[in-house]
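Fold and contact review
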Amino acid sequence: QVQLVESGGGLVQPGGSLRLSCAASGSILRINAMGWYRQAPGKQRTLVATITSDGRPVYADSVKGRFTISRDNAKNTAYLQLNSLKPEDTGTYYCNADIRSWSAAQRDYWGQGTQVTVSS
């Protein structure tokens, strides 16, 4: 059984920073791309950033220059550094990973989400 667990969300003032983590665990053979998505209340879940297994990132235009995605393959963990936060960054942030496991075919997995609130 594969599981993704996010951590690091919270309440922060505009201009502040947070660091999110996403740890994958279970019977993992290989993790391909990992990514972060966010969902604001009443809106669809949208891509924030993704990173390939060899470390190549892709960012949504709205977060370029402010957010940084990274990963530690030895720890099966992805990170999202959020800087210069704006109120419109508020939402639930979900981790996603494309994983091949011992017990299942390659597929997407999602974490339970971590809340980020940017407010003064």
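This text goes with the structure placed above it.
What this report covers is the structure whose coordinates are included nearby. What you are looking at is a predicted structure, and each value in this text was computed from that prediction instead of being measured.

Thoughts on the pattern of salt bridges
- Counting across every chain of the model gives four salt bridges.
- Asp-61 is the partner of Lys-64 in a salt bridge, and the nearest nitrogen-oxygen pair spans 3.1 Å.
- A salt bridge links Arg-66 to Asp-89, with the nearest nitrogen and oxygen atoms 2.8 Å apart. Here Arg-66, found in the loop between strand E6 (57–59) and strand E7 (67–72), pairs with Asp-89, found in the loop between strand E8 (77–82) and strand E9 (91–101); they are 23 residues apart in sequence, far enough to count as distant.
- Judged by its relative accessible area of 1%, Asp-89 is buried.

As for the nonpolar core
- In terms of nonpolar packing, the biggest core is built from 30 residues, with Trp-36, Leu-80, Tyr-93 and Ile-99 touching the most fellow members.
- At the level of elements, strand E3 (18–25), strand E4 (28–39), strand E5 (46–51), E7, E8, E9 and strand E11 (114–118) are the ones that each hand at least two residues to this core.
- Discounting residues that sit within four places of it in the chain, Ile-99 has contacts with Val-2, Leu-4, Ala-24, Ile-28, Arg-30, Ile-31, Ala-105, Gln-106, Arg-107 and Tyr-109.

What to know about the environment of Leu-11
- Assignment of secondary structure puts Leu-11 in strand E2 (residues 10–12).
- Spatially, the C-alpha atom of Leu-11 lies 14 Å from that of Ser-84, the residues being 73 residues apart in sequence.
- Residue contacts for Leu-11: discarding those within four places in its chain leaves Thr-117 and Ser-119.

Calculation criteria
- Residues numbered from 1 in each chain as written.
- Predicted model: local features only at pLDDT ≥ 70, side-chain atom pairs only at ≥ 80, totals over all residues.
- Heavy atoms only, no water.
- Salt bridge = Lys/Arg side-chain N within 4 Å of Asp/Glu carboxyl O.
- Helix = DSSP H or I, 4+ residues; strand = E, 2+ residues; numbered from the N terminus.
- Buried < 20%, exposed > 50% of the residue type's maximum accessible area, 1.4 Å probe, protein only.
- Core = buried A, V, L, I, M, F, W, Y, C linked by side-chain atoms within 4.5 Å.
- Contact = heavy atoms within 4.5 Å.

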